[in-house]
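Spelled out, the chains give:
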Amino acid sequence: MLEYDEKRNYIRMNVDCELTYRLADSKELHKGNCTTISGSGVSFIADTPYEPGKAMEVNILPKNAITPPMTAFVEVVRTSKQEDGRYEIAASIKSIKGN
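Residues numbered from 1 in each chain as written. Predicted model: local features only at pLDDT ≥ 70, side-chain atom pairs only at ≥ 80, totals over all residues. Heavy atoms only, no water.

> Any details on the nonpolar core? Residues and values, ideally.
One finds Tyr 21, Phe 44, Met 56, Ile 60 and Val 74 to be the most contacted residues of the largest nonpolar core, which totals 21 residues. Looking at this core, the elements that each hand over two or more residues are strand S1 (13-23), strand S2 (30-37), strand S3 (41-46), strand S4 (55-61), strand S5 (70-81) and strand S6 (87-96). (Core = buried A, V, L, I, M, F, W, Y, C linked by side-chain atoms within 4.5 Å. Buried < 20%, exposed > 50% of the residue type's maximum accessible area, 1.4 Å probe, protein only. Helix = DSSP H or I, 4+ residues; strand = E, 2+ residues; numbered from the N terminus.)

> So, the packing of aromatic side chains: which residues are in play, and what are the values?
If you walk through the whole model with that rule in mind, you get two aromatic pairs. Summarising the aromatic geometry, the rings of Tyr 21 and Phe 44 are spaced 5.0 Å apart at their centres and angled 45° between planes, so their arrangement reads as tilted. Here Tyr 21, found in strand S1, pairs with Phe 44, found in strand S3; they are 23 residues apart in sequence, far enough to count as distant. Here Tyr 21 and Tyr 50 contribute two aromatic rings whose centre-to-centre distance is 5.8 Å and whose plane-to-plane angle is 85°, an arrangement assigned as edge-to-face. Taken together, the positions of Tyr 21 in strand S1 and Tyr 50 in the loop between S3 and S4 put the pair 29 residues apart, joining distant regions of the chain. According to the relative accessible area criterion, Tyr 21 is buried, its value standing at 2%. By relative accessible area, which is 9% here, Tyr 50 ends up buried. The structure contains a cluster of three or more aromatic residues connected by ring pairs, namely Tyr 21, Phe 44 and Tyr 50. (Phe/Tyr/Trp six-rings, centres within 6.5 Å; stacked < 30°, edge-to-face > 60°.)

> Would you mind going over the pattern of salt bridges in detail, with residue names and values included?
Oppositely charged side chains can pair when the atoms bearing their charge come close. Inspection of every chain in the model, using the stated rule, returns four salt bridges. Across the salt bridge formed by Asp 16 and Lys 63, the nearest N and O atoms sit 3.3 Å from each other. With a gap of 47 residues between them, Asp 16 in strand S1 and Lys 63 in the loop between S4 and S5 connect regions that are remote in the sequence. Since its relative accessible area comes to 67%, Lys 63 is described here as exposed. Measuring nitrogen to oxygen at the nearest pair gives 3.2 Å for the salt bridge that ties Arg 22 to Glu 57. Placement of Arg 22 in strand S1 and of Glu 57 in strand S4 is noted, with a sequence separation of 35 residues between them. (Salt bridge = Lys/Arg side-chain N within 4 Å of Asp/Glu carboxyl O.)

Shown next as structure tokens:
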């Protein structure tokens, strides 16, 4: 069995793939880069900061054909400005959209 010291309910996996997102009250799509994902949350890099509580729909597009794309409804938990001027958005997954 693997040793696991993290205190989270789900293991966080580092990823590097494209992501599109839109605010719940908008049809305008934005592009970002997904950096981590777990069973309960996702984080991604975006050009714009978002306030905690904002609802979004995100579509994660994996680089390999083995992993299917995922569309989820999320709520922003935290926004952190990065050294390059972009923003890391941490969000809680509220539901996953079925096909």
